[in-house]
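# Survey of secondary and tertiary structure
Chain by chain, the residues:
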Amino acid sequence: KDSGHLKDDNNSTFTCSNTPALAADAYCMYMAFQKKDGTDIYWAYGTPSEMKDDGTVDNIFWKNQGKINSIGKQVDGDKYTTNPDTAIGLTLEYANGVFLLIYVATNTENNLTQCALNDTGKDSYGQWVGSNTVKVINSHGHSTARSAKAPALAITEGGGYLLYRGKEHDEIYWAYY
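Thresholds applied
- Residues numbered from 1 in each chain as written.
- Predicted model: local features only at pLDDT ≥ 70, side-chain atom pairs only at ≥ 80, totals over all residues.
- Heavy atoms only, no water.
- Patch = residues over 30% accessible without salt bridge, like charges linked within 9 Å, V, L, I, M, F, W, Y side chains within 5 Å.
- Areas by Shrake-Rupley, 256 points an atom, 1.4 Å probe, with all protein chains shown as cover.
- Salt bridge = Lys/Arg side-chain N within 4 Å of Asp/Glu carboxyl O.
- Helix = DSSP H or I, 4+ residues; strand = E, 2+ residues; numbered from the N terminus.
- Buried < 20%, exposed > 50% of the residue type's maximum accessible area, 1.4 Å probe, protein only.
- Pairing = 2+ DSSP bridges.
- Core = buried A, V, L, I, M, F, W, Y, C linked by side-chain atoms within 4.5 Å.
- Contact = heavy atoms within 4.5 Å.
- 1 Å grid on protein atoms, 1.4 Å probe; cavity = no way out; pocket = protein on both sides within 12 Å on 5 of 7 lines; lining within 4 Å.
- Points joined across faces, edges and corners; volume = space filled by probe spheres on them.
- Nonpolar A, V, L, I, M, F, W, Y, C, P; charged D, E, K, R; others polar.
- Axes fitted to C-alpha atoms, helices over the stretch in contact; angles between N-to-C directions.

## Considering a nonpolar patch on the surface
Where nonpolar side chains cluster on the molecular surface, the patch consists of Y161, L163, I172, W174 and Y176 and spans about 600 Å² of accessible area. Listed by contribution, the elements that provide at least two residues to the nonpolar patch are β14 (159-165) and β15 (172-176). For the nonpolar patch, the leading source of residues is β15, giving three residues. Structurally, the position occupied by Y161 is in strand β14.

Now the structure itself:
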């Protein structure tokens, strides 16, 4: 069933330039998306309406959290924040209490970069942390993962698997976490 435009708690329609990413824990859904006509990555969480007698839910109430502000490294006791951004795309997955966001950074190298949403739960919507370039080990040693398109991520009990198209080639690359 098509439920129409996705709206936040202020009845504003969510808009984006590229495909949004969606993942869930046991309590709610989390969405990450590139702001329309911009490169900043925004996020929102959605809680389902009350369950009906037939076991279905007919609505999700979304709370727009705005631009992701990720806590980065600490220098002299001060926390620095970073604002993830992309012009190409992103992916979001959940495992073991952490949401992992991987996106193609807006730099000339199209580096894949990751940050995480920690401490989510029944009464907490978490805190974004980190801003790390994805490094892979290959036959030449360590290299930076780069992509011309949005990556894909799947997390299993055995670990995480990242798929991405090369920056300048059509081949699909993969990495294991």
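## Considering the pairing of strand β1 (residues 21-24)
Successive side chains on a regular strand alternate, one facing one side of the sheet and the next facing the other. In β1, alternate side chains face the same way, and those of A21 and A23 are buried while those of L22 and A24 on the opposite face are not. Here β1 runs beside strand β2 (residues 29-34); their pairing, made up of four bridges, is antiparallel. Bridged to A23 within β2 is Y30. Hairpin remark: β1 followed by β2, antiparallel, with four residues in the connecting loop.

## Some words on the nonpolar core
Formed by 18 residues in total, the largest nonpolar core has its most connected members in Y30, L92, L101 and W128. Elements with a minimum of two residues in this core: β1, β2, β3 (41-48), β7 (86-95), β8 (98-105) and β9 (112-121). It is β8 that provides the largest number of residues to this core, a total of four residues. The contact partners of W128, leaving out residues within four places of it in the chain, are W43, I68, N69, S70, I71, L92, L101, C115, A116 and L117. Grouped together as the second largest cluster of nonpolar side chains are 11 residues, L100, V104, A145 and Y164 included.

## Thoughts on the environment of L6
Assignment of secondary structure puts L6 in the segment before β1. Relative accessible area serves as the criterion here: at 33%, L6 is assigned to the partly exposed category. Taking the C-alpha atoms as reference, L6 lies 9.1 Å from I60; in sequence the two are 54 residues apart.

## Points about the layout of surface pockets
Looking at the largest pocket, its volume works out to about 390 Å³. Lining the largest pocket are 17 residues, and of these L6, K7, N59, I60 and W62 sit closest to its centre. Going through the elements one at a time, β1, β2 and β4 (60-67) are the ones with two or more residues in the lining of the largest pocket. No other element matches the three residues that β4 contributes to the lining of the largest pocket. Taken together, the residues of the lining of the largest pocket break down into nine nonpolar, four polar and four charged. Estimated volume of the second largest pocket: approximately 190 Å³. What lines the second largest pocket is simply N138, S143, T144, A145, R146, Y164, G166, K167, E168, H169 and Y173.

## A word on the sheet that holds β15
One open sheet accounts for three strands, arranged β13-β14-β15; its pairing is antiparallel. Bordering the open sheet on either side are β13 (152-156) and β15, each of which pairs with just one other strand. Direction aside, the axes of adjacent strands within the sheet are offset by 15° on average. As paired elements, β14 and β15 share five bridges and run antiparallel to each other. Paired with Y164 across the bridge in β15 is Y173.

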